[in-house]
Amino acid sequence: MRSRVVRVGTLLVAGAATAAGALGVALHVVGWSAEPLVLAAAGAPYLMGGAILGAVGFAATRQWVATGAAVVVAGLGIATQAPLYVADGGGDGPAITVMQANLLFDGADPAVLVAQVRARDVAVLTVNELTRAAVTELGRAGLDDVLPYRYLAPGQTASGTGIWSRFPLSDTVEYDGYVLNQISATATVPEVGPVSVYAVHPVPPVYDVGVWADELSRLGDVLRRSPADRPVIVGGDFNATYDHARFRALASGRFADAAAQAGAGHLVTYPTDKRLPPLVGIDHFLLAGAHATAVATVALPGADHRALVARVVLDRR
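Residues numbered from 1 in each chain as written. Predicted model: local features only at pLDDT ≥ 70, side-chain atom pairs only at ≥ 80, totals over all residues. Heavy atoms only, no water.

Some remarks on the overall build of the protein
Part 1: A count of helices and strands for the protein gives ten helices and twelve strands.
Part 2: Relative to its length of 317 residues, the protein is compact, with a C-alpha radius of gyration of 21 Å against a globular reference of 20 Å.
Part 3: Within the protein, the fraction of its 317 residues that count as buried is 50%.
Part 4: Sequence separation of 24 or more characterises 68% of the internal contacts of the protein that already satisfy a separation of 6 or more.
Part 5: Here the protein has roughly 13600 Å² of accessible surface; of this, 60% comes from carbon and sulfur atoms.
Part 6: Across the protein, the centroid of the 23 positively charged side chains sits 9 Å from that of the 26 negatively charged ones. (Helix = DSSP H or I, 4+ residues; strand = E, 2+ residues; numbered from the N terminus. Rg over C-alpha atoms; globule rule 2.2 N^0.38 Å. Buried < 20%, exposed > 50% of the residue type's maximum accessible area, 1.4 Å probe, protein only. Contact = heavy atoms within 4.5 Å. Areas by Shrake-Rupley, 256 points an atom, 1.4 Å probe, with all protein chains shown as cover. Lys, Arg positive; Asp, Glu negative; His and termini not counted. Charge placed at Lys NZ, Arg CZ, Asp CG, Glu CD.)

See below:
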């Protein structure tokens with residue numbers, strides 16, 4: 001009797017785990033617009049892992065057809081994630097280091113951020129949730145000495161966005177019609193020439209999933225209009241993960257996700273202010289006319305995100 005109960009329990013768990021894996025694959029593939037499904041898509045890789053558990057459970061109970069089905073689901077899940085782990089080669093132009101940081105208003109420790117910029121030889125920094133107080137504190141910590149050129153659109157709480165650069169900035173633009181500030185500038189990089197730099201921050205889906213989807217779509221339009229004769233670097237808190245179809249639409253055509261280029265895998269950046277470790281990767285670099293050879297996360301005390309640092313090879317034009 002006991003063995004029968006264990007067998008039935010194992011089958012139920014295996015079935016539920018396989019179903020969770022299938023849901024994870026579907027969430028990755030389909031760009032559903034219902035808020036619960038959009039939020040669940042951020043956890044798609046965790047759900048996909050259930051299919052492996054399901055395959056083990058079915059195999060243990062000698063349910064071979066079900067085992068095969070679970071293996072297929074697990075294989076589909078692995079196929080969706082594999083591009084993040086396979087580097088696709090690199091370029092041969094000049095290389096710079098770029099950083100993306102969400103400051104949680106003025107919560108991030110400015111001294112730590114500036115120390116990281118110095119230690120990692122960062123040439124371009126994009127920042128989200130930039131307040132006027134944070135601008136002042138970062139200046140006092142020496143950021144303007146390291147990166148003397150800047151284009152900033154600070155704001156209240158989450159709305160502020162900024163670009164700091166080692167290279168002169170021109171052609172500055174702030175894009176209208178967004179809840180949070182979206183900006184761009186042109187950096188003049190030695191041996192390369194003009195490089196378009198964007199700092200973006202679409203709203204999270206919990207604000208309004210329709211607005212979130214619309215802002216991602218319109219940011220795609222903005223990026224597609226960026227000059228095609230130069231490299232483009234886009235840093236930001238996208239409030240979307242690799243498993244959101246709308247983010248992957250941005251990382252297509254001319255543009256690519258830096259983490260996928262470098263084969264860096266899942267770089268989880270949020271949240272860092274909870275008891276659990278960060279669970280999802282919503283901070284990204286998108287690149288065009290450039291190639292990331294290494295991407296990593298960096299702890300930023302006082303913020304609720306880890307920063308993102310990438311080594312980027314820029315195409316010569």
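With respect to the pairing of strand 1 (residues 95-102)
Residues in a regular strand project their side chains so that they alternate between the two faces of the sheet.
Part 1: Burial within strand 1 is extensive, with seven of its eight residues counted as buried.
Part 2: Pairing of strand 1 with strand 12 (residues 307-314), which is carried by six bridges, proceeds in the antiparallel orientation. Paired with A95 across the bridge in strand 12 is V313.
Part 3: As paired elements, strand 1 and strand 2 (residues 122-128) share six bridges and run parallel to each other. Paired with N102 across the two strands is N128, which belongs to strand 2.
Part 4: The β-α-β motif built from strand 1, the intervening helix 5 (residues 110-119) and the parallel element strand 2 has right-handed crossover chirality. (Pairing = 2+ DSSP bridges. Right-handed = clockwise from strand over helix to strand, strands pointing away.)

Examining helix 3 (residues 44-60)
Part 1: Taking 1.5 Å per residue as the helical rise, helix 3 with its 17 residues ought to reach 24 Å, and the 25 Å between its terminal C-alpha atoms agrees with that figure.
Part 2: Buried within helix 3 we find A44, M48, G50, A51, G54, A55, G57 and F58.
Part 3: A positive phi of about 60 degrees marks R62, the residue just after helix 3. (Expected span 1.5 Å × (residues − 1).)

Comments concerning the pairing of strand 10 (residues 283-288)
Part 1: Here strand 10 lies mainly inside the structure; six of its six residues are buried.
Part 2: Side-chain alternation along strand 10 places D283, F285 and L287 on one buried face and H284, L286 and A288 on a second face that is also buried.
Part 3: Here six bridges tie strand 8 (residues 232-237) to strand 10, and the two strands are oriented antiparallel to one another. Bridging from a neighbouring strand, V234 pairs with L286 of strand 10.

Quick notes on the sheet that holds strand 7 (residues 193-200)
Part 1: Strand order in this open sheet of six strands is 5-6-7-8-10-9, and the pairing throughout is mixed. Either end of the sheet is taken by a strand with one partner, and the two such strands are strand 5 (169-175) and strand 9 (256-257).
Part 2: Sitting on the sheet, helix 8 (residues 209-224) is in contact with strand 5, strand 6 (182-189), strand 7, strand 8 and strand 10, with an inclination near 175 degrees to strand 7. (Axes fitted to C-alpha atoms, helices over the stretch in contact; angles between N-to-C directions.)

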